[in-house]
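Single-letter residue listing:
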Amino acid sequence: MNNHFDVIIIGGGAAGLTAGIYLSRAKLSTLILNEGTVGGQMVLTHEIANYPGIESISGYQLARNMKAQAQKFGCTIKSNLKITGIELSGDMKQITVNESDVYTSNAVIIATGGKSRTIGVPGEENMKGKGISYCATCDGDFFQDKEIIVVGGGNSALEEAVSLTKYASKVTIVHQFDHFQAFEHYVEEAKLNSKINFIMESKIVEFIGDEKLTGVKIQNIASNEIAKMTIEGVFIFIGYVPNTEKLDGMVELNQWKEIVVDKNMATNIPGVYAAGDSIAKRYRQVTTAVADGTIAALSAADYLNSLKKAFIPVEV
Amino acid sequence: MLHTNLTHVLSEQDHSKILQENENVMICCGRMGPMCIPVYEVMEELESEYKNVKFADMEFDTPDAKVIRNLPECRSFQGIPFVVYYKNGQVVKATSSIQSIEQVTTILDQNFGK
Ligand SMILES: Cc1cc2nc3c(=O)[nH]c(=O)nc-3n(C[C@H](O)[C@H](O)[C@H](O)COP(=O)(O)OP(=O)(O)OC[C@H]3O[C@@H](n4cnc5c(N)ncnc54)[C@H](O)[C@@H]3O)c2cc1C
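Remember, predicted model here, so these are calculated numbers, not experimental data.

Q: So what's going on with the site of the ligand? Residues and values would help.
A: All names here are of chain A. In the vicinity of the ligand lie 33 residues, with Asn-34, Gln-41, Tyr-240, Asp-277 and Val-286 positioned nearest. Note that a nitrogen atom of the ligand is positioned 2.9 Å from one of the side-chain N or O atoms of Asn-50. In isolation the ligand offers 1,000 Å² of accessible surface; the protein chains occlude 85% of this area. Counting only elements with at least two residues in the shell around the ligand, the list comes to helix 1 (14–25) and helix 7 (286–310). For the shell around the ligand, the class distribution of residues is 11 nonpolar, 17 polar and 5 charged.

See below:
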């Protein structure tokens, strides 16, 4: 198999798949290398109701459609792999997969998106699926008539806390600040719900349990006091972090580890573009990821054209 | 029926049959949601690599899925999917919630080899 492509796209979410559609349709050989499930965060979304032209669609279905569309135009997609080497400087970019397979290209688009932030305290990894969940729609019904905690203070946390009152007898929102970072209507709805109560300026410092989650230790941030609470379910919605840890030192990142790009989605490295949730921007949506992916693809195509022009032999 | 390319276990009878006919079996019991879809995709990806393992799914909400939901190995589970690995009809491992390809291959290698 030829391992050289015109463009390699790192990440196969909305941004990467869109770039794949545009580039393959322009007859540029394109490879998408994706570490997880193709579709990225779209797959985490039960219903997308704000994608223009489609009244309502599951995130999974939208991702499948985008993947099929990219493949129809000839885009190669490899998923569930591990990227073990990235070389972006110079004209020939090189990406190593699973320690052994080396792919080269003249341009690269980084579309690695973001992932759910975890709390990162003892017991969290162990209790995943045994009381700790990151998806209310998936696991809410395990907590019928039980008391649960929702961690977070943004839109997702408040919206999901309200939706979990369908099952739980009581929902306690634990949030680290004394105010919420959510739209006012989400805050109002949560405050008006008699099943919801709040523990503010506090954080979970330990999950307790052996076979199953049985409780948590909660620390008051102002007083440092730690209290134990008996609980069987904790849902965590504390935002997202960009997937850029493998790019640190290779392309310019800002203080939040987001990739810095110009209006053409170009990074500080020639021939390297970035798109979607991994770049520095304010609004993270499927529509904005798709727009970024389009711009990055067209800019990469322009860059490849400029390389070709530079190589036209000059007649003497 | 789940929208995957895996073998579907639709009933208790299917479940017994698949265990009788195959030495190594991995069944992912879930829904078409964000915690389950990545596991189905990992299984689809590994199917050609692990020819000695039968990969299958089962709908969590079908009444017959009690054959998985009620397993003692799944008693503490509170997150879908419930994934159960069987050798010669016996449960050798069970996991709850989303798993990465590395986590799945570690279990397959430890229990079934390639
Ligand atoms: C629960 C939830 C609900 C949402 N609801 C909506 C909604 O209703 N409407 C809306 O418009 N937006 C919604 N969003 C936001 C939207 O899903 C994202 O903004 C968008 O999908 C981002 O796309 P992306 O391609 O930039 O990144 P991602 O979707 O994160 O995709 C990045 C891909 O790159 C892969 N990857 C990561 N690191 C690497 C690496 N090092 N190498 C290779 N591959 C890598 C990941 O596995 C992933 O597949 C929601 C998000 C969530 C989490």
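Q: Could you give me a rundown of helix 2 (residues 59–72) of chain A, with the residues and numbers involved?
A: Under the 1.5 Å per step criterion, the end-to-end length of helix 2 of chain A is 20 Å for 14 residues, consistent within 8% with the ideal 20 Å. Of all the positions in helix 2 of chain A, only Gly-59, Tyr-60, Leu-62, Ala-63, Met-66 and Ala-70 of chain A are classed as buried. The buried side chains of helix 2 of chain A occupy one side of the element, clustering within an arc of 165° when seen end-on. Buried-residue contacts for helix 2 of chain A involve helix 1, strand 3 (76–78) and helix 7 of chain A together with helix 2 (37–46) of chain B.

Q: How would you sum up the domain arrangement of chain A? Please name residues and give values.
A: Split by domain assignment, chain A resolves into domain 1 (4–115 + 240–310) and domain 2 (118–236). Domain 1 of chain A and domain 2 of chain A are separated by 34 Å when their C-alpha centres are compared.

Q: Outline the interface of chain A and chain B, listing residues and values.
A: At the interface, 27 residues of chain A touch 25 residues of chain B. Taken together, the two surfaces of chain A and chain B that pack against each other cover about 2,200 Å², and 53% of this comes from carbon and sulfur. Applying the counting rule to chain A against chain B returns 2 salt bridges. Salt-bridge contacts for Glu-102 of chain B lead to Lys-82 of chain A; the nearest nitrogen and oxygen are separated by 3.4 Å.

Q: Could you give an account of the nonpolar core, naming the residues involved and the relevant values?
A: Counting 64 residues, the largest nonpolar core has Val-150 of chain A together with Met-26, Ile-27, Phe-55, Ile-68 and Leu-108 of chain B as the members making the most contacts within it. In contact with Phe-55 of chain B, other than residues within four places in its own chain, are Leu-6, Thr-7, Met-26, Met-43, Leu-46, Glu-47, Tyr-50 and Leu-108 of chain B. Of all hydrophobic cores here, the second largest spans 63 residues; its members include Leu-33, Ala-70, Ala-275 and Leu-307 of chain A.

Q: I'd like to hear about the environment of Val-84 of chain B, residue by residue, with values.
A: Positionally, Val-84 of chain B belongs in strand 4 (residues 82–87). Sequence-distant contacts of Val-84 of chain B, defined by excluding residues within four places in its chain, comprise Val-25, Met-26, Ile-27, Ile-68, Leu-71, Cys-74, Val-91, Lys-93 and Ala-94 of chain B.

Q: Explain helix 6 (residues 184–192) of chain A to me, and be specific about the residues and the numbers.
A: Helical geometry: 3.6 residues make up each α-helical turn, so side chains three or four residues apart lie on a common side. Residues and elements named next belong to chain A. All buried positions along helix 6 are accounted for by Tyr-186, Val-187 and Ala-190. Take helix 6 and look down its axis: the buried residues cluster within an arc of 100°, on one side only. Opposite the packed face of helix 6, turned more than 90 degrees from it, sit the exposed residues Glu-184, His-185 and Leu-192. Taken together, the buried residues of helix 6 touch helix 5 (155–164) and strand 11 (196–199).

Scoring rules and cut-offs
- Residues numbered from 1 in each chain as written.
- Chains lettered and ligands numbered in written order.
- Predicted model: local features only at pLDDT ≥ 70, side-chain atom pairs only at ≥ 80, totals over all residues.
- Heavy atoms only, no water.
- Near = heavy atom within 4 Å.
- Polar contact = N/O pair within 3.5 Å; in protein donor to acceptor, adjacent residues only side chain to side chain.
- Areas by Shrake-Rupley, 256 points an atom, 1.4 Å probe, with all protein chains shown as cover.
- Helix = DSSP H or I, 4+ residues; strand = E, 2+ residues; numbered from the N terminus.
- Nonpolar A, V, L, I, M, F, W, Y, C, P; charged D, E, K, R; others polar.
- Expected span 1.5 Å × (residues − 1).
- Buried < 20%, exposed > 50% of the residue type's maximum accessible area, 1.4 Å probe, protein only.
- Arc of directions from axis to C-beta.
- Contact = heavy atoms within 4.5 Å.
- Domains from an automatic or database assignment.
- Buried area = accessible area lost by both parts, 1.4 Å probe.
- Salt bridge = Lys/Arg side-chain N within 4 Å of Asp/Glu carboxyl O.
- Core = buried A, V, L, I, M, F, W, Y, C linked by side-chain atoms within 4.5 Å.

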